[in-house]
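# Coordinate inspection notes
Here are the chains, one letter per residue:
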Amino acid sequence: MTSPALRRAGRTRRPLAPGPYLLIAPAVLGMLYLLLYPFGRALLISFQDFGLRELIRGEAEFVGLRNYRTLLADPVFWDVVRRTFLFMAVNVVAIMILSTLVALMTERLGRIGRTVVLSSLVLVWAVPVVAATTVFQWLFHSEFGIVNETLTDLGFRSFEGYTWFADGRAAFTILVVLVVWQSVPFAAITLYSALTTVPGELYESARLDGAGGLRIFRSVTFPLVRPIFMLVLSLEVIWTFKAFVQIWVMTRGGPGDATTILPVYAVQTALANQRYDLGSAASMVTLLLMSGVLVLYFRRLFRQEGEHL
């Protein structure tokens, strides 16, 4: 038999070999460079007087917080902030409701139906963002779009030749539909995966106690899948808050500024007005706002989790 001293010596942690860390070091360093350098450069420009001349010459004067004061004093900027939060809220609520319903429906389907639904979701999820946005542009085209043709055939003659993208509310609604359509597959598949981990015995016990479908979801299903639900919710907040490609390809923030949210406003300010300093400042403010929303959300989530323990 081995003595206690020998057993303790065998349990002593050996020094970690540097080999695995050296193997992953290039990938980690490359990722850090691609993430941190653009962020640091944008942060630096936000404190400089950086226009087209400075971009060409490579010299810029430090102006401190002047760009941030200019940005925060602009009423247009605050209109964009309000529109950004509205866009985020509408999208996230619609995405979470629809994806939850799709996940619950998929769980109750048979094998063939479940395969069809999941395959369809994966195919929608795989469509490139630019391609999907272009398809939506053609769907709502004033002359050749199938939406106008269908509505006209149904008797709504006012939609004949209707220019959807000339109406701010219509363009905003189309963008919401596009973002929701692109986001539901990921959320629904993730939530469906979480639903499959709920033991069937809990459902049977709840039904024997006379609980209905809504009560079962509220008292059995949701508490068990809540961590995954909250994770998906957090990701959707981030993705919709920084939505840019769909808006830039479809409307470029128009008509007027009806579909301009913070990422689009930052690009417009930097490229159209050649004020790279204000554009960088707008990007930093966007990052701070998004981080603030997530911090408040996670604080509330952790507080609720602590109360349930």
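Everything below is about the structure shown above.
Please read all numbers here as calculations on a predicted model, not as lab measurements.

### Digging into the overall build of the protein chain
Assigned secondary structure in the protein chain consists of 14 helices and two strands. Along the three orthogonal principal directions, the C-alpha set of the protein chain runs to about 80 × 65 × 40 Å. Going through the 309 residues of the protein chain one by one, you find that 35% of them count as buried. Considering only contacts in the protein chain between residues 6 or more positions apart, those separated by 24 or more positions represent 66%. Surface accessibility of the protein chain: about 19,000 Å² in total, with carbon and sulfur atoms responsible for 68%. Taking the average place of the 27 positive charges on the side chains of the protein chain and the average place of its 20 negative ones, the gap between the two points comes to 14 Å.

### Thoughts on helix α2 (residues 19–45)
With 27 residues, α2 should cover 39 Å at 1.5 Å per step; its first-to-last C-alpha distance of 39 Å lies within 8% of that length. Along its length, α2 reaches its greatest deviation from straightness, about 45°, at Ala 25, and the proline Pro 26 lies no more than four positions downstream.

### Describing the nonpolar core
Leu 71, Phe 77, Phe 87 and Trp 164 are the most contacted members of the largest nonpolar core, which totals 63 residues. At 16 residues, the largest contribution of residues to this core is made by helix α9 (residues 168–195). With near-sequence residues (within four places) excluded, Phe 87 lies in contact with Phe 172, Leu 175, Val 176, Val 179, Thr 240, Ala 243, Ile 247 and Ile 261.

### Considering the packing of aromatic side chains
Working definition: an aromatic ring pair is given by the centre-to-centre distance plus the angle between the planes. Inspection of every chain in the model, using the stated rule, returns 19 aromatic pairs. Judged by centre distance (5.5 Å) and plane angle (45°), the rings of Phe 47 and Tyr 68 are tilted. Here the residue Phe 47 occupies a position in the loop between α2 and β1 (48–49), and Tyr 68 occupies one in helix α4 (residues 66–72), the gap between them amounting to 21 residues. Of the residues examined, Phe 47 reaches a relative accessible area of 26% and is grouped as partly exposed. Of the residues examined, Tyr 68 reaches a relative accessible area of 13% and is grouped as buried. Arranged with centres 5.3 Å apart and planes meeting at 75°, the rings of Phe 140 and Trp 164 form a pair that is edge-to-face.

### Points about the pattern of salt bridges
A full pass over the atoms with the stated rule returns six salt bridges. Across the pair Asp 49 and Arg 66 runs a salt bridge, and its minimum N-O distance is 3.7 Å. Here Arg 66 lies in helix α4 and Asp 49 lies in strand β1, a separation of 17 residues in the sequence. In this structure Arg 66 comes out as partly exposed when scored by relative accessible area, which is 36%.

### Concerning the environment of Val 267
Among the secondary structure elements, Val 267 is positioned in helix α13 (residues 262–272). In the structure, Val 267 is positioned 49 residues away from Arg 218 in sequence and 43 Å away in space, judged by C-alpha atoms. Among all residues touching Val 267, those that are not within four sequence positions of it are Phe 244, Trp 248 and Ala 272.

### Some remarks on the packing of helix α5 (residues 75–108) against α9
Close contact between α5 and α9 brings their axes to 7 Å; oriented N to C, the two are set at 40°. As judged from the angle between their axes, α5 and α9 are oblique. The element α5 and its partner α9 pack so that their crossing is right-handed. When grouped by side-chain class, the residues that make up the contact of α5 with α9 number 20 nonpolar, five polar and two charged.

Thresholds applied
Residues numbered from 1 in each chain as written. Predicted model: local features only at pLDDT ≥ 70, side-chain atom pairs only at ≥ 80, totals over all residues. Heavy atoms only, no water. Helix = DSSP H or I, 4+ residues; strand = E, 2+ residues; numbered from the N terminus. Buried < 20%, exposed > 50% of the residue type's maximum accessible area, 1.4 Å probe, protein only. Contact = heavy atoms within 4.5 Å. Areas by Shrake-Rupley, 256 points an atom, 1.4 Å probe, with all protein chains shown as cover. Lys, Arg positive; Asp, Glu negative; His and termini not counted. Charge placed at Lys NZ, Arg CZ, Asp CG, Glu CD. Expected span 1.5 Å × (residues − 1). Bend = angle between axes of the 7 residues up to and from the residue. Core = buried A, V, L, I, M, F, W, Y, C linked by side-chain atoms within 4.5 Å. Phe/Tyr/Trp six-rings, centres within 6.5 Å; stacked < 30°, edge-to-face > 60°. Salt bridge = Lys/Arg side-chain N within 4 Å of Asp/Glu carboxyl O. Axes fitted to C-alpha atoms, helices over the stretch in contact; angles between N-to-C directions. Parallel < 35°, antiparallel > 145°, perpendicular 65-115°, else oblique. Left-handed = near helix turned anticlockwise from the far one by under 90°. Nonpolar A, V, L, I, M, F, W, Y, C, P; charged D, E, K, R; others polar.

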